[in-house]
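What follows is each chain in one-letter form.
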Amino acid sequence: RFLPYPPSSRARILPLSAVGTPLTMSASAAANSVLPSFLQSRLGDLPSSCHPQLVEVYKKFTFSHEAFEAFEVNNGTLIAENIPVFQAFLEKELLAASKAAAGGAASGSSGRAGGAARRSGGSKPHASSLNAALGAALGLPGRSAATAAAPPAAASASAAADDAAASPEKLTTPGPKRPRQEEEDQLEASTPEPPRKQLQVSLKASVNDGIAIKGVGSAAPVQIEVLGDSTLWTGPRDGAFAWMDESLEDRAADRDRRLAEAEAGLIEAVRARHPEIEDLVVGTVGVPSQAEVVLCGRILCEGLEGRLNERSMLLEGSKTAARGARVQLNVSGCPQVAAFPGQLVAVLGRSGTTGTTFHARDFIAGLDLPPAPAPVAPSCTSLLHALVVSGPFCTRDALDYSPLRQALEHAVQSRPQVVLIIGPFVDANNRMIVNGEAILPGMSEEDEPLGFEDVYNEHVLPMLRKGILELKRVSPNSEVLIVPSLDEALSFHPMPQPPLHVGLAGCLPADSLEPLRRLGVQFLPNPAHISVNGLKISITSADALSPVLRSGLVLRPEERKIEQALRLLLQQRSLFPVLPRDPPQVSEARASALDFPDGAPPDVCIFPSASGSASGAFVDGRLFINPGPLCRPAAMGTFAELYLAPPASAGAGQGLLSERARVDIKSFAEAAR
């Protein structure tokens, strides 16, 4: 008999003899052997020899249009070669649906329904359970379009006809109750949305705007590889690492090890600059010497507080070579100086009589920069298009995520091959978050404020899932990358931060980010070093430029301060070389994750910075991109789009990055309706 549950959620109890046999279609469908319209439209794309195979797959699983669309979103258009892949996909999801249905039936069945289940000897989920499970897992509506459009009377009549045609031995029991997320999605779909403000995209600045961007929107597949040692940002079982047990001695030892490893490269940099010195003598910090020697060490500020200047500059040697000795560094005789606290340098000069002061005549600011590769990323044979969006995604006084929604809609329209989304998603500096008054748009002041977990689960993650699903539908080859932030409200790890799905694992349900992973989203650590078709990119959500500038950067001559600060990052082979650490949330035992992999500068560095405006800049053949925040504290912000043209033909250029890369800085501007 029928129980008061929607037809799409009923589970059928099969007799013992039917357990383990394939699912069959309804009696009417089996008699007519007619495929649904969405499959009939695909028969013309397949050879006639594959038609019976597709019919058998449909007879076995009776999958819905939503399940078929979910497969094509993740695996591309169904062709003859991937019909076995499609069948394996359905079998995997059917197994997951069977476990879910069995768990729901075990906890909810009672009375005659439970007795009937025991007499039948077992049960298998109906095909609607498979379709519902696929839709819920991939963020699709819980009901098919046909079921949603049919009136209740028609749906009941159809269900009665199916049961009348079925075997008399079959009984019906209520299926598992719909999950809370599906009910909320249906309620949201039935509630009219408030009118949205129209946002227009405007171009703010462009670098190399003469480079043609023909072919945008083709979304050719790209190869993405994560570089570096993954054990630096992961713990046991690929989870989060423990970081609150570092002693001061361990932190000092880790810093000293980095200095000792850099000494050989610094001495080679001195030899390259002064080839006229045949017998270069390497001295020891703190040991007097009347001969001209080279010292390697770390720049420190003499005062515990205050900014570095030429008169407060100290040089500290490593514990291995100099037992941590320090000397006053006099750089008045150096023609060029570029120094900041924590910098690893080499100086050429003579020490004073007592050895407490070293008078330098040349200052080497770091390791030598190798020439920019030419051509860069030779495997990029077609135009590469990347969209870079950085948080915060709402203004400081509100939790309106309309800019994030508009950014995802812009990605759907432009169809880039790479979409890079940089946190924070829930900004810990937002005033509503700080005050514990998380009121979303549409809520009244009398409503109870939401918890941080609810902001993620009910607002941010569904918006990401919906936008990325639409992007995957129109551009299946587009890759979405997500980088966490130190300002994430529920992510407490220092740098290197684990990926977002790991950092939030202890605060959100385990499956909260699973729908995004099923859509192919790649969660990266912070910072992240990746290769996109051979183009090496270093990414961080923290500001890597401002710490160098505000630490007391000493420059002689004083010109192009921002450009010189970016060059120092390349020479130091690190995104965050300043000491004391800025930002301070750094695990010293894993700080090598902040350095460039293999000691080689990347082709592109991407990070938001409050110093200067959003822009792109070439420094010694490398590209730095500051996308800016999508939302400033009280106004709309900016985002960036990167285009990399294929290598030029022979004789038309060397294929340098500065000849092929174009950066557009854009923003969303509200338009009056």
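J.: I would appreciate a short explanation of helix 15 (residues 452-474) in the present structure.
T.: For an α-helix the count is 3.6 residues per turn, leaving residues at separations of three or four pointing the same way. For helix 15, built from 23 residues, the straight-helix expectation of 33 Å at 1.5 Å per residue is met to within 8% by its first-to-last C-alpha distance of 32 Å. Where helix 15 bends most, at Leu461, the angle is about 35 degrees, and the proline Pro462 comes one to four residues later.

J.: I would appreciate a short explanation of the sheet that holds strand 20 (residues 622-626) in the present structure.
T.: Strand pairing in a sheet takes place through backbone hydrogen bonds and is either antiparallel or parallel in direction. If you trace the six strands from one edge of the open sheet to the other, you get 4-15-16-18-20-19, paired in mixed fashion. This sheet does not close on itself; its edge strands, each paired only once, are strand 4 (224-226) and strand 19 (615-619). Along the sheet, successive strands turn relative to each other by an average axial angle of 20 degrees, direction set aside. Across three bridges, strand 18 (residues 604-606) lies against strand 20 in parallel orientation. Looking at the pairing, Ile606 lines up with Ile625 of strand 20. Helix-sheet contacts for helix 19 (residues 561-572) involve strand 19 and strand 20, and the interaxial angle to strand 19 is about 60 degrees.

J.: Just to check I follow, could you spell out the packing of helix 13 (residues 402-414) against helix 15 for this structure?
T.: Between two packed helices, the angle of one axis relative to the other and the distance separating the axes together describe the packing. Closest axis-to-axis distance for the helix 13/helix 15 pair is 9 Å, and the angle between their directions is 5 degrees. Taken together, the axes of helix 13 and helix 15 are roughly parallel relative to one another. Residues Leu404, Arg405, Leu408, Ala411 and Val412 of helix 13 pack against Met463, Leu464, Gly467, Glu470, Leu471 and Val474 of helix 15. Here the residues of the contact of helix 13 with helix 15 are counted per class, giving eight nonpolar, one polar and two charged.

J.: Looking at this structure, how should I read the pairing of strand 5 (residues 293-301)?
T.: Every regular strand shows the same layout, with side chains that alternate between the two sheet faces. Across the nine residues of strand 5, eight count as buried, placing the element largely inside the fold. Here six bridges tie strand 5 to strand 9 (residues 344-351), and the two strands are oriented antiparallel to one another. Across the sheet, the residue bridging to Arg298 is Leu344, located in strand 9. Here four bridges tie strand 5 to strand 6 (residues 313-316), and the two strands are oriented antiparallel to one another. For Leu300, the partnering residue across the bridge sits in strand 6 and is Leu314.

J.: What is the right way to look at the pairing of strand 6 in this model?
T.: Residue alternation in strand 6 divides its side chains into two sets, Met313 and Leu315 and Leu314 and Glu316, and both sets are buried. In this structure, strand 6 lies alongside strand 7 (residues 326-330), joined through three bridges in antiparallel fashion. Bridge pairing in strand 7 places Leu315 opposite Val327.

J.: Which parts of the structure should I look at to understand the nonpolar core?
T.: Nonpolar side chains tend to gather and get buried jointly when the protein is soluble and globular. By size, the foremost hydrophobic cluster in this structure holds 48 residues, and its most contacted members are Leu315, Leu329 and Phe363. Looking at which element gives the most residues to this core, the answer is helix 19, with five residues. Setting aside residues no more than four positions away along its own chain, Leu315 makes contact with Val285, Leu295, Gly297, Arg298, Ile299, Ala325, Arg326, Val327, Leu329, Val345 and Val347.

J.: In this structure, what is going on with the pattern of salt bridges? I would like to understand it.
T.: Pairing between side chains becomes possible if they bear opposite charge and their charged atoms approach one another. The tally for this structure, following the rule as stated, stands at 21 salt bridges. Two residues, Asp582 and Arg550, come together in a salt bridge whose shortest N-O distance is 2.8 Å. Of this pair, Asp582 sits in the loop between helix 19 and strand 18 while Arg550 sits in helix 18 (residues 546-550); the two residues are 32 residues apart in sequence, bridging distant segments of the chain. By relative accessible area, which is 46% here, Arg550 ends up partly exposed. Put simply, Arg560, Glu563, Arg567 and Asp620 are held in one network by salt bridges that share partners.

The rules behind each value
- Residues numbered from 1 in each chain as written.
- Predicted model: local features only at pLDDT ≥ 70, side-chain atom pairs only at ≥ 80, totals over all residues.
- Heavy atoms only, no water.
- Helix = DSSP H or I, 4+ residues; strand = E, 2+ residues; numbered from the N terminus.
- Expected span 1.5 Å × (residues − 1).
- Bend = angle between axes of the 7 residues up to and from the residue.
- Pairing = 2+ DSSP bridges.
- Axes fitted to C-alpha atoms, helices over the stretch in contact; angles between N-to-C directions.
- Contact = heavy atoms within 4.5 Å.
- Parallel < 35°, antiparallel > 145°, perpendicular 65-115°, else oblique.
- Nonpolar A, V, L, I, M, F, W, Y, C, P; charged D, E, K, R; others polar.
- Buried < 20%, exposed > 50% of the residue type's maximum accessible area, 1.4 Å probe, protein only.
- Core = buried A, V, L, I, M, F, W, Y, C linked by side-chain atoms within 4.5 Å.
- Salt bridge = Lys/Arg side-chain N within 4 Å of Asp/Glu carboxyl O.

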